[in-house]
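# Summary of structural features
Residues per chain, in single letters:
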Amino acid sequence: MAPNCPEEVDVFTIPHSRMKELVKKYLNMVSEINFADISHLTNLLENLVNTFKEFKAHEQIENKYIMKKLKDKLRTLSVRNTAVCNCHSDNQLTDILELVQDGYKCTQKTEVDRKNFGTKLRKALEDFTETFIPHMEEEEEVFQPMLIKYFTTDELRRIKFKVLEKHFCQ
Ligand code: FEO
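Residues numbered from 1 in each chain as written. Predicted model: local features only at pLDDT ≥ 70, side-chain atom pairs only at ≥ 80, totals over all residues. Heavy atoms only, no water.

### Considerations on the overall build of the protein
Our working rule: Labels follow the DSSP assignment, with helices taken as runs of H or I lasting at least four residues and strands as runs of E lasting at least two, numbered in each case from the N terminus. In this scheme, a residue with accessible area under 20% of its type's maximum is buried, one over 50% is exposed, and one in between is partly exposed, where area comes from a 1.4 Å probe on protein chains only. By the counting rule applied here, Lys and Arg register as positive and Asp and Glu as negative, while His and the ends of each chain are not counted. A charge is said to be at NZ when it belongs to Lys, at CZ for Arg, at CG for Asp and at CD for Glu.
Each helix and strand counted, the protein has six helices and zero strands in total. Considered along the principal axes of its C-alpha atoms, the protein spans approximately 60 × 30 × 25 Å. Burial status across the protein gives 42% buried among its 170 residues. Looking at charge distribution, the protein has the averaged site of its 26 positive side-chain charges lying 5 Å from that of its 28 negative ones.

### Focus: the pattern of salt bridges
Where we set the bar: Counted as salt bridges are all cases of a side-chain nitrogen of Lys or Arg within 4 Å of a carboxyl oxygen of Asp or Glu.
Enumeration according to the criterion identifies 11 salt bridges in this entry. For Glu-140, the salt bridge goes to Lys-20, with nearest N and O atoms at 3.6 Å. Linking Glu-140 in helix H5 (residues 111-150) with Lys-20 in helix H1 (residues 13-32), this pair joins segments that are 120 residues apart in sequence. Under the relative-accessibility criterion, Glu-140 is labelled buried at 4%. Residue Lys-20 is classed as partly exposed on the basis of its relative accessible area, which comes to 33%. We note a salt bridge from Asp-72 to Arg-75, for which the minimum N-O separation is 3.1 Å. You can see Asp-72 and its partner Arg-75 sitting in helix H2 (residues 38-76), three residues apart, about one turn around the helix. Judged by relative accessible area, which is 59%, Arg-75 ranks as exposed. Salt bridges linked by common partners bring Glu-8, Asp-154 and Arg-157 together as one network.

### Some details on the packing of H2 against helix H4 (residues 92-106)
Note the following rule: An axis is simply a line fitted to the C-alpha atoms; with a helix, the fit covers only the stretch in contact. Between two such axes, the angle follows the N-to-C directions and lies from 0 to 180 degrees. Roughly parallel refers to an angle under 35 degrees, roughly antiparallel to one over 145, roughly perpendicular to one between 65 and 115, and oblique to any angle outside these ranges. Note: crossing handedness is left-handed where the near helix turns anticlockwise from the far helix by less than a right angle, and right-handed where it turns clockwise. Two residues qualify as a contact provided that any one of their heavy atoms is within 4.5 Å of a heavy atom in the partner residue. Think of it as three bins: nonpolar holds Ala, Val, Leu, Ile, Met, Phe, Trp, Tyr, Cys and Pro, charged holds Asp, Glu, Lys and Arg, and polar takes everything else, Gly as well.
Packing of H2 against H4 leaves a shortest axis separation of 10 Å and a crossing angle of 160 degrees. Here H4 runs roughly antiparallel to H2, going by the angle between their axes. Two packed elements cross with a definite hand, and for H2 against H4 that hand is left-handed. Taken together, the residues of H4 that come into contact with H2 (itself represented by Leu-41, Thr-42, Leu-45, Glu-46, Leu-48, Val-49, Phe-52, Phe-55, Lys-56 and Glu-59) are Leu-93, Thr-94, Ile-96, Leu-97, Val-100, Gln-101, Gly-103, Tyr-104 and Cys-106. A class-by-class count of the residues in the contact of H2 with H4 yields 12 nonpolar, four polar and three charged.

### Topic: the nonpolar core
Note the following rule: Joining through side-chain atoms within 4.5 Å is the link that ties buried Ala, Val, Leu, Ile, Met, Phe, Trp, Tyr and Cys residues into a set, and such a set is a nonpolar core.
Tyr-26, Leu-48, Phe-52, Phe-55, Leu-121, Leu-125 and Phe-128 are the most contacted members of the largest nonpolar core, which totals 27 residues. Among the secondary structure elements, those contributing two or more residues to this core are H1, H2, H4 and H5. Once you skip the residues sitting within four places of it in the chain, Leu-121 turns out to touch Phe-35, Leu-44, Leu-48 and Leu-99. Listed in part, the 20 residues of the second largest apolar core include Val-11, Val-84, Cys-87 and Leu-147.

### Re H2
Where we set the bar: Multiplying 1.5 Å by the helix residue count minus one yields the expected span of that helix. Note that the bend at a residue is defined as the angle between axes fitted to the seven residues ending at it and the seven residues starting at it.
With 39 residues, H2 ought to run about 57 Å at 1.5 Å a step, and its terminal C-alpha atoms sit 55 Å apart, in line with that. Asn-63 marks where H2 bends most, by close to 40 degrees. One or two residues past the end of H2 sits Ser-78, with phi positive at roughly 60 degrees.

### Comments concerning unusual backbone geometry
Even without being glycine, Ser-78 reaches a positive phi, approximately 60 degrees. Summarising the element assignment, Ser-78 is placed in the loop between H2 and helix H3 (82-86).

Here it is as C-alpha cells:
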C-alpha cells in the first residue's frame, strides 16, 4: 500500500491483493507440479490462461481508468512524466499466454518434451514475477502519490469506484 494513503482514495491496493493472490497460487502450483503428468499439466495451463487473462484485464483497467486520466491531467498541467506513459509498455503478459498455448501442444508430445517445457515455463513465470511485483509496488508508491497530488478526493473516489467495479463486478 502507498505510504499514508487514505483508503477511500487508494486505487491500487485492493486489485493488487487479488493479483498477488493469483501470483502466489501459480507459484505454488508450478513448484509442485509433475510436468510429465498430462492431467497436472492441463490443469496448470488452464489456471495460467485464466490468471494471465485476469492480469491483462487488470492492466487494461489501469490504462483506461487510471493512467490515461493521470496522463491527461499532467498534460493539462504541463507536467512531463514519461514513467506514466511507459509503465505497461512491454509484452510480457502476451508472451506468457503464447508460451502457455505452446504447453497445450506438449500434451501430445513425449514426457521429455513436457519436462523441458516445464523448465522453460517455470523460468518464464519466475522472470515475470520478478518484474510484476516491483511493478505493482511502483504503482502504489509512485503513481498513487501522484494521483493524490493532482486529483481531488472526489475525483479519486470516483476513479476507485470505477476501478473496483471493472475488476470485481463484471
Ligand atoms: Fe497494477 Fe499495472 O499492475
